[in-house]
Amino acid sequence: MTTLLAAALYVVISLGSVALDQASGGGIHPWRLASWLASAVVAAAQVWYEHYRLSTAPTKTALRAAASVALGAFGLAVSAYLHSLRTPGANRVSIALVAWPVMTAVPAFLAALGITTILARLSPRS
């Protein structure tokens, strides 16, 4: 359940950032940085919940965190693909449906595994 909730939050945050970016004419703006921060908060909350509330093992927590990120990236890729269908002359970004989830899930897994391994050593659970 936390995996799907976090994935949905990633999609909402990302699409909101893209919408604000398009409304302003492009470029890096404070809300883009805020979306990165919001995504980091979602990731930290998920890892905290999995580790402390559910007492999930580090590997399983990392897999769930990576799955959330991959699902979120897939949702964003679907949105980009649908946008490319509505835009005349746009390149179809169907490779993104596979590439974006993989490119985001691997680093998310490694980061979550490292963080949860450290947490497990610093705060052993009974």
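Structure: above.
Criteria and thresholds
Residues numbered from 1 in each chain as written. Predicted model: local features only at pLDDT ≥ 70, side-chain atom pairs only at ≥ 80, totals over all residues. Heavy atoms only, no water. Helix = DSSP H or I, 4+ residues; strand = E, 2+ residues; numbered from the N terminus. Buried < 20%, exposed > 50% of the residue type's maximum accessible area, 1.4 Å probe, protein only. Contact = heavy atoms within 4.5 Å. Areas by Shrake-Rupley, 256 points an atom, 1.4 Å probe, with all protein chains shown as cover. Core = buried A, V, L, I, M, F, W, Y, C linked by side-chain atoms within 4.5 Å. Axes fitted to C-alpha atoms, helices over the stretch in contact; angles between N-to-C directions. Parallel < 35°, antiparallel > 145°, perpendicular 65-115°, else oblique. Left-handed = near helix turned anticlockwise from the far one by under 90°. Nonpolar A, V, L, I, M, F, W, Y, C, P; charged D, E, K, R; others polar.

Participant: Give a description of the overall build of the protein chain that names residues and reports values.
Facilitator: Secondary structure assignment for the protein chain yields four helices and zero strands. Taken from the N to the C terminus, the helices and strands of the protein chain come in the order α-α-α-α. Taken along the three principal axes of its C-alpha coordinates, the protein chain extends 60 × 30 × 20 Å. In the protein chain, buried positions account for 28% of the 126 residues. Residue pairs at least 24 apart in sequence account for 67% of intrachain contacts in the protein chain once pairs closer than 6 positions are excluded. When the accessible surface of the protein chain is split by element, carbon and sulfur atoms take 73% of a total near 7,700 Å².

Participant: An account of the side chain of Glu-50 is needed here, citing residue identities and associated values.
Facilitator: As for its position among the elements, Glu-50 is in helix H2 (residues 30-53). Ignoring anything within four residues of it in the chain, the contact list for Glu-50 reads Thr-2, Ser-55, Thr-56, Thr-61 and Arg-64.

Participant: I'd like to hear about the nonpolar core, residue by residue, with values.
Facilitator: One finds Ala-6, Tyr-10, Ile-13, Val-42, Val-69 and Ala-108 forming the largest nonpolar core, which totals six residues. For this core, the element with the most residues is helix H1 (residues 2-24), which contributes three residues. Beyond its immediate chain neighbours, meaning those up to four positions away, Ala-6 contacts Val-42, Gln-46 and Ser-68.

Participant: Break down the packing of helix H3 (residues 58-86) against helix H4 (residues 96-122) for me, with residues and values.
Facilitator: Two measures define how a pair of helices packs: the angle their axes make with one another and the distance between the axes. Taken N-terminus to C-terminus, the directions of H3 and H4 make an angle of 155°; their axes are 7 Å apart at the nearest point. The orientation of H3 relative to H4 falls into the category roughly antiparallel. Of the two elements, H3 crosses H4, and the hand of that crossing is right-handed. Looking at the contact of H3 with H4, its residues break down into 23 nonpolar, five polar and no charged.

Participant: Give me the lowdown on the packing of H2 against H4, citing residues and values where you can.
Facilitator: The contact between H2 and H4 brings their axes to 11 Å, and the two run at 35°. Crossing of H2 against H4: the hand is right-handed. Taken together, the residues of H4 that come into contact with H2 (itself represented by Val-47, His-51 and Tyr-52) are Ala-112, Ile-115, Thr-116, Leu-119 and Ala-120. Of the residues that constitute the contact of H2 with H4, the class distribution is six nonpolar, two polar and no charged.

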